[in-house]
Amino acid sequence: MDSERWSLAATIFHSDRGAEYTSEAYNKLCDRLGVVQSMGRVASALDNAATESFNSLIKVEYIHRRQSATRTEARLTIAT
């Protein structure tokens, strides 16, 4: 990991409704870091379909096929 400092502010974390993601401690940690929690509906696997498809695209096109020197460079590559 490089020594570059970065912020999690404005990050959206989408998860299922597992106990680890719904706990008070996890909620407080997300609040402290500025992470917005997003959770799917109960018994609906389709909630994650668009997010999982997007994450797969990012991994295939930008992470596995390219190498970035810093996190900032990787973020800028993905954002442009």
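Residues numbered from 1 in each chain as written. Predicted model: local features only at pLDDT ≥ 70, side-chain atom pairs only at ≥ 80, totals over all residues. Heavy atoms only, no water.

**Q** So what's going on with the overall build of the protein chain? Residues and values would help.
**A** From N to C terminus, the protein chain includes four helices and two strands. Its helices and strands taken in sequence order, the protein chain reads β-α-α-β-α-α from the N to the C terminus. Every one of the 80 residues in the protein chain was classed for burial, and the buried ones make up 9%. Restricting to contacts in the protein chain with at least 6 residues of sequence separation, those with at least 24 account for 54%. (Helix = DSSP H or I, 4+ residues; strand = E, 2+ residues; numbered from the N terminus. Buried < 20%, exposed > 50% of the residue type's maximum accessible area, 1.4 Å probe, protein only. Contact = heavy atoms within 4.5 Å.)

**Q** Give me the packing of aromatic side chains: which residues, what numbers.
**A** The final tally for this structure, using the stated rule, is three aromatic pairs. Measuring from centroid to centroid gives 5.6 Å for Phe13 and Tyr21, while their planes differ by 50°, and the two rings are tilted. Residue classification places Tyr21 among the partly exposed positions, given a relative accessible area of 23%. Geometrically, the ring pair formed by Tyr21 and Tyr26 is edge-to-face, given 5.6 Å between the ring centres and 75° between the ring planes. Three or more aromatic residues joined by ring pairs form one cluster here, namely Phe13, Tyr21 and Tyr26. (Phe/Tyr/Trp six-rings, centres within 6.5 Å; stacked < 30°, edge-to-face > 60°.)

**Q** Please set out the environment of Val35 residue by residue, giving values where relevant.
**A** When you line up the elements, Val35 lands in the loop between helix 2 (24-33) and strand 2 (36-39). Separated by 23 residues in the primary sequence, Val35 and Ile12 place their C-alpha atoms 5.8 Å from one another.

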